[in-house]
Amino acid sequence: MKLLLWLLVLLPCFARGQAATGSPYKTDWLRDGGVTVGAIGATVAGNILIEKKERLTPADVATLSKYDVNGFDRFAAGNYSASAETISDFPFYGSLLAPLLLLLDDDVKQNAPQVYLLYGQALSIAGGIYSMTAGLTRRKRPYVYAINAPVGTKTDKQATNSFYAGHTAATAAATFFIAKVYHDFNPDSPARPYIWAAAATVPATVGYLRIKAGKHFLSDNLVGYAIGTGIGILVPELHRVDSRFSLVPESNGWYDGMAVVYRF
């Protein structure tokens, strides 16, 4: 989490919001920088909420049964593997750094400040949505139902952060961002199907390991995968010069915000 926060803070600092030569994207420093800073603020606020969540007690844990879990997710209740958790960190942290590989592409390299401004925005949005969701929900992790998990682990502050799978979401945001950016800069490349396949496989692997580790249920991973994929693809797409998507202010008397509009 500390590495993720540093990436969220530092990546936008290396970027200049401007139209870049030969780039399929358009960016604006004030607008995109503001979105990024706001999302970082949501990440910090969510972490504060997580810190303040009421922890499970040993007495709470003693009354739990895997049959309290819905039938779709029940197979994962009671999973616990410290080694699977450790292994899951390798593709997770690796994926956060993997967008640096885009610098091997000459066109991307020439537009690196703009591309990494967008990556910082994608990561910050992923971090903000996850942190706020985890801070406002109290879904117990599968290992809370495990016989072999230490009581101290079951009553840790992280024990009720099961919804949704943050590792899976952040990994998907990073890998699908790579695939989308490469796709846009290289519309005729025969490598695109393989890059998209790799983008889909890495977060799926992380999700599998997180289930095995007892950190998340299948539904947590499905939601995290979908959110991360959406962020990784939509952030570049919304900035395309010829994008059919756009963000517009929305106000209907009930709320004020932004809406995503698609032009047919």
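Heads up: the structure comes first, above all this text.
One structure accompanies this document, and this report is about it. (Residues numbered from 1 in each chain as written. Predicted model: local features only at pLDDT ≥ 70, side-chain atom pairs only at ≥ 80, totals over all residues. Heavy atoms only, no water.)

## Concerning the nonpolar core
Okay, step 1: By size, the foremost hydrophobic cluster in this structure holds 24 residues, and its most contacted members are Leu102, Val115, Tyr119, Phe177 and Val181.
Okay, step 2: Only α4 (82-97), α6 (112-136), α8 (166-185) and α10 (218-238) provide two or more residues apiece to this core.
Okay, step 3: Other than its neighbours up to four places away in sequence, Leu102 contacts Val108, Lys109, Val115, Tyr116, Phe177, Ile178, Val181 and Tyr182.
Okay, step 4: Within the second largest apolar cluster, 13 residues are counted, among which are Leu56, Ala76, Val144 and Ala149. (Core = buried A, V, L, I, M, F, W, Y, C linked by side-chain atoms within 4.5 Å. Buried < 20%, exposed > 50% of the residue type's maximum accessible area, 1.4 Å probe, protein only. Helix = DSSP H or I, 4+ residues; strand = E, 2+ residues; numbered from the N terminus. Contact = heavy atoms within 4.5 Å.)

## So, the side chain of Gln114
Okay, step 1: Within the secondary structure, Gln114 is located in helix α6.
Okay, step 2: Judged by relative accessible area, which is 1%, Gln114 ranks as buried.
Okay, step 3: Side-chain polar atoms of Gln114 contact the side chain of Ser23, separated by 2.5 Å. (Polar contact = N/O pair within 3.5 Å; in protein donor to acceptor, adjacent residues only side chain to side chain.)

## Comments concerning a nonpolar patch on the surface
Okay, step 1: The grouping of Leu97, Leu100 and Leu103 at the surface amounts to a nonpolar patch, some 250 Å² of accessible area in total.
Okay, step 2: With respect to the secondary-structure elements, Leu97 resides in helix α4. (Patch = residues over 30% accessible without salt bridge, like charges linked within 9 Å, V, L, I, M, F, W, Y side chains within 5 Å. Areas by Shrake-Rupley, 256 points an atom, 1.4 Å probe, with all protein chains shown as cover. Salt bridge = Lys/Arg side-chain N within 4 Å of Asp/Glu carboxyl O.)

## Let's talk about the packing of aromatic side chains
Aromatic rings considered in pairs are described by the distance between their centres and by the relative angle of their planes.
Okay, step 1: Enumeration according to the criterion identifies eight aromatic pairs in this entry.
Okay, step 2: Ring geometry for Tyr80 and Tyr143: centres 6.3 Å apart, planes at 75 degrees, overall edge-to-face. Placement of Tyr80 in the loop between α3 (58-62) and α4 and of Tyr143 in the loop between α6 and α7 (151-154) is noted, with a sequence separation of 63 residues between them.
Okay, step 3: Taking relative accessible area as the criterion, Tyr143 reaches 4% and is therefore assigned buried. (Phe/Tyr/Trp six-rings, centres within 6.5 Å; stacked < 30°, edge-to-face > 60°.)

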